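Each chain, letter by letter, is given below.
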Amino acid sequence: MEKTPFRAESKRMLELMINSIYTHREIFLRELISNASDAIDKLYYKALGDQNISFHQDDYYIQLIPDKDARILRILDTGIGMTKEDLENNLGVIAQSGSLAFKQEIESQDGHDIIGQFGVGFYSAFMVSDMVTVITKAFGSDSAYKWESSGVDGYTIEPAKKDGVGTEIILKIKASTEDENYDEYLDEYRLRALVKKYSDFIRYPIKMNVTQSRLKEGSENEYEDYQEEQTINSMVPIWRKNKNELTEEDYDNFYMEKHYGFDKPLKHLHISVDGAVSYNAILYIPERTPFDYYSKEYEKGLELYSSGVLIMSKNPDLLPDYYSFVKGMVDSEDLSLNISREMLQQDRQLQLIAKNIKSKITSQLERMIKDEREKYETFYKAFGTQLKYGLYSDFGAHKDDLQNLLMFYSSKEKKLVTLDEYVSRMPEEQKFIYYATGESYERIDKLPQTELVADKGYEILYFIEDVDEFAIKVLMKFKEKEFKSVSSGDLGIESDDSDAQTSEEASESKELFDEMKSILSGKVKEVRISKRLKHHPVCLAAEGEISIEMEKVLKTMPNNPDVKADKVLEINIHHVVFKSLKAAYEHDREKLNLYTNLLYNQALLIEGLPIQDPVDFTNDICKIMV
Ligand code: ADP
């Protein structure tokens, strides 16, 4: 019979998987049992909604049948089965979600030992088998099919015989080599241990014949072996178990088994609520940002069970967008099994659960800041941006949840600090929470605008992400303290003394500054004396709601509104350059022209803004050199 080849990328994946030297081969069993359990879930769910399907709890099970002599391991399930088309679509290509991510990851790393972190599904069977055979009969169909493949060279499908609905996976286990022991996958004790480790909570019985020993009849010291069918998993779902009975490893295994992520979870929450609404939930905060997290492809959601039956694999209504990184499941007895998706959205119970979950996540994260700072910072580096977007969205409606979770890099400690930490160590006379925006911490460090604030000994928060300033604008205040950009017109710092002095100086230089403003013809709203500069000659400041940084961000947006910051050119009158300006004003108007343009362009450069005409600028510099 002719073999159908696997698609090219599938072939490469298979090769990688078959040939990788790696320590997690055993997860193939978890993957196949998980598929079997999913298949039974599907049939079970159908049966609940359809009175024509007769339904006995006992009819649903998974069975393991090892045969040492033939080197064959069979995994049977009484699930929904597959049609011929299903076989082609599901087992003919490796393009399921998990596998695809795996492929991308493996291409970015050297491929060593990372398979264990992945749910690679059905294909993991090839890690331990020379040949894989699938015999299956779909629910509602009279004919069964056999799919067979010995690896990369393709697969065959042909009609087959099978009694009941369901699927049987037959693995021809590889011969052991010096480096690798495959015999263990035929050993009932080892198989039992693997089920305990990875699949204990599967809701359906996993049955296996186990060899037992008993006294021979009529004998007092002679024993004989006999076979007894046993259910080798406890069948209690992990979320119904007592937290005290569970180890960190149990939660980690559940995360892997469920394919919630390809990393290890950073933190889990096990919630059991009994009250106006009752539910159990196991939630995870992943350690790493999923590769598609900030793309449209990423879908948030939690698995939703009703009394232990999976009714939706990704319910988005259970999580607010700003917690879209949370993975896990919710099981409630208060939800009807036959509820449609549309109804579910309106369901009051579900809304209550969602609200409750949201506040549990918030308090968990707040607790992490206090008790597990390092972990929290890992989390924040992965998902902090999402929290800031959350704050910005819906006009700040979620600020109660989010404001305490924010962190920014600060000038004082050169590390991430919370707003609460900032405010709690503000000197009494400090009125505002100061921040500076820029491309990187290094660039902000050098910003002339920070000079006065830093000189006062006030802490400055560094904003390097586009969303930062927008988020803070929505927040407006934290603990009654307003946020203030170091570039804003009024810093609220200057003493009355220097104010008086500068106003005198200002009136003196008024004509010069007016002249400079007209030279810059509309590019700035005002030229004025800087109260914030110490060592630098010049900087830009913004007046009004829109900062220079915001203007930059808005410019990059599609169909951007043509908003501009009101820019003010600030001059340091204690700088030697000011003397040259004054002299030029009095004796050489052409020079004043030149100097003004030079200073303005310098200020733009410092801000990271493009200068309109770089050639003019360099020509100007040449002019002052000769
Ligand atoms: P995943 O489980 O991540 O979708 P797999 O490669 O493990 O990826 O399986 C691919 C698909 O094959 C499954 O989604 C399912 O539709 C089908 N499948 C696998 N095993 C079984 C089974 N025992 N019974 C019915 N369908 C199955």
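Sequence order as written defines residue numbering, which begins from 1 separately in each chain. Whole-chain, interface and lining totals are the exception, using all residues; otherwise, since this is a predicted model, local features are given only for residues with pLDDT of at least 70 and side-chain atom pairs are given and counted only at 80 or more. Neither water nor hydrogens contribute to the side-chain values; these are computed over all heavy atoms in the structure.

### Regarding the sheet that holds strand β6 (residues 166–173)
Operational definition: The pairing criterion is simple: DSSP has to find at least two bridges between the two strands. Put simply, DSSP H or I for four residues or longer makes a helix, DSSP E for two residues or longer makes a strand, and each gets a number counted from the N terminus. Note on definitions: angles span 0 to 180 degrees between N-to-C directions of axes, and those axes are lines fitted to C-alpha atoms, for helices only across the stretch in contact.
Strand order in the open sheet formed by eight strands is β5-β4-β3-β6-β2-β1-β7-β8, and the pairing between neighbours is mixed. The open sheet is flanked by β5 (155–160) and β8 (223–231), the only strands paired with a single partner. Averaged over all pairs of adjacent strands, the angle between strand axes in this sheet comes to 20°, irrespective of strand direction. Bridge count for strand β3 (residues 129–137) against β6 is eight bridges, and the pairing is antiparallel. Bridge pairing in β6 places Val132 opposite Leu171.

### Examining the site of the ligand
The line we're drawing: Being near a molecule or strand, for a residue, means having at least one of its heavy atoms within 4 Å of it. For this analysis, a polar contact is any N or O atom pair within 3.5 Å, provided that within protein one partner can donate a hydrogen and the other can accept it, and provided that sequence-adjacent residues contribute only side-chain to side-chain pairs. Areas reported as accessible are Shrake-Rupley estimates using a 1.4 Å probe. Residue values count occlusion only from the protein chains shown. Under the scheme applied, nonpolar residues are Ala, Val, Leu, Ile, Met, Phe, Trp, Tyr, Cys and Pro; charged residues are Asp, Glu, Lys and Arg; polar residues are all the others, including Gly.
Taken together, the neighbourhood of the ligand is formed by 11 residues, with Asn35, Asp77, Asn90, Gly121 and Phe122 sitting nearest. In the environment of the ligand, an oxygen atom lies 2.8 Å from a nitrogen or oxygen atom belonging to the backbone of Phe122. Between the ligand and the protein, one listed contact pairs a nitrogen atom with a side-chain N or O atom of Thr167 at 3.4 Å. Look at the ligand: alone it shows 530 Å² of surface, and the protein chains cover 83% of it. Of all the elements in the fold, those that place two or more residues in the shell around the ligand are α2 (27–49) and α3 (84–91). When residues in the shell around the ligand are grouped by element, the largest group, three residues, is from α2. When grouped by side-chain class, the residues that make up the shell around the ligand number four nonpolar, five polar and two charged.

### A closer look at the side chain of Ser278
Rule in force here: Residue burial is assigned from relative accessible area. The probe radius is 1.4 Å, only protein chains are included, and a residue is buried under 20% of its type maximum, exposed over 50%, and partly exposed in between. Throughout, a residue-residue contact means that at least one pair of heavy atoms, one from each residue, lies within 4.5 Å.
With respect to the secondary-structure elements, Ser278 resides in the loop between β9 (265–273) and β10 (279–286). On the accessibility criterion, Ser278 (16% relative accessible area) is buried. Separated by 3.1 Å, the side chains of Ser278 and Asp274 make a polar contact. Sequence-distant contacts of Ser278, defined by excluding residues within four places in its chain, comprise Val273, Ser332, Glu333 and Asp334.

### Thoughts on the domain arrangement of the protein chain
The line we're drawing: Residue ranges assigned to each domain were obtained from an automatic or database domain assignment. Accessible area that two parts lose when put together, with a 1.4 Å probe and added across both, is what the buried area reports. Every case where a carboxyl oxygen of Asp or Glu lies within 4 Å of a side-chain nitrogen of Lys or Arg is listed as a salt bridge.
Taken domain by domain, the protein chain holds domain 1 (8–231), domain 2 (238–374), domain 3 (406–485) and domain 4 (498–625). Look at where the C-alpha atoms of domain 3 and domain 4 centre, and you get two points 24 Å apart. On the side of domain 4, 19 residues touch domain 3, which itself brings 14 residues to the contact. For the pair domain 3 and domain 4, the two sides together bury roughly 1500 Å², of which 57% comes from carbon and sulfur. When residues of domain 3 are sorted by the area they lose upon contact with domain 4, Gln449, Glu451 and Phe470 head the list and together hold 36% of the total. Where domain 3 packs against domain 4, one counts one salt bridge. Among the ionic pairs, Lys534 bridges to Asp455, the shortest N-O distance being 3.2 Å. In this structure, the connection of domain 3 to domain 4 is made through nine residue pairs in polar contact (both at pLDDT 80 or more). The set of elements that each furnish at least two residues to the side of domain 3 that touches domain 4 consists of α13 (451–455) and α14 (466–475).

### Notes on empty space enclosed by the protein
Going by this rule: For cavity detection a 1 Å grid was placed over the protein atoms alone, and a set of points counts as a cavity when a 1.4 Å probe fits there but cannot get out; an open set counts as a pocket when protein lies on both sides within 12 Å along at least five of seven lines, with lining residues being those that have an atom within 4 Å of a point. Grid points are joined across faces, edges and corners, and a volume is the space filled by probe spheres set on the points.
The full count for this structure, using the stated rule, is one cavity of 30 Å³ or more. Put simply, the largest cavity is a space of about 30 Å³. Lining of the largest cavity is provided by Lys412, Tyr422, Arg425, Met426, Pro427, Gln430, Gly457, Tyr458 and Glu459. Counted by class, the lining of the largest cavity contains four nonpolar, two polar and three charged residues.

### Here's the deal with the packing of helix α9 (residues 373–392) against α14
Spelled out, the test is: In these notes the angle categories are as follows: under 35 degrees is roughly parallel, over 145 is roughly antiparallel, 65 to 115 is roughly perpendicular, and the rest is oblique. In this scheme the handedness of a crossing depends on how the near helix is turned from the far one: anticlockwise by less than a right angle means left-handed, clockwise means right-handed.
Two numbers describe how α9 lies on α14: the axes approach to 8 Å, and their chain directions differ by 40°. The pairing of α9 with α14 is recorded here as oblique in orientation. Classified by chirality, the crossing of α14 by α9 is left-handed. Packed against α9, whose contacting residues are Thr385, Lys388, Tyr389, Leu391 and Tyr392, the element α14 presents Val467, Asp468, Phe470, Ala471, Val474 and Leu475 at the interface. Counted by class, the contact of α9 with α14 contains eight nonpolar, one polar and two charged residues.

### Some details on the layout of surface pockets
Counted as a void, the second largest pocket has a volume near 710 Å³. Elements with a minimum of two residues in the lining of the second largest pocket: α16 (548–555), β22 (566–571), α18 (589–607) and α19 (614–625). Considering each element in turn, the lining of the second largest pocket owes the most residues, eight residues, to α18. Considered class by class, the residues forming the lining of the second largest pocket number 11 nonpolar, six polar and 13 charged.

### Some thoughts on the nonpolar core
What counts here: The nonpolar core is taken to be a set of buried Ala, Val, Leu, Ile, Met, Phe, Trp, Tyr and Cys residues, with the residues joined through side-chain atoms within 4.5 Å.
Tyr323, Ile357, Tyr376, Phe379 and Tyr434 are the most contacted members of the largest nonpolar core, which totals 73 residues. Per-element tally for this core: the top contributor is helix α8 (residues 348–371), with eight residues. Both domains that meet at this core, namely domain 2 (238–374) and domain 3 (406–485), each give it at least three residues. For Tyr434, the residues in contact, after removing those within four places along its chain, are Tyr422, Val453, Tyr458, Glu459, Ile460, Leu461, Lys484, Val486, Leu491, Gly492 and Ile493. One finds Ile27, Ala47, Tyr185 and Leu191 within the second-largest nonpolar core, a separate group that totals 52 residues.

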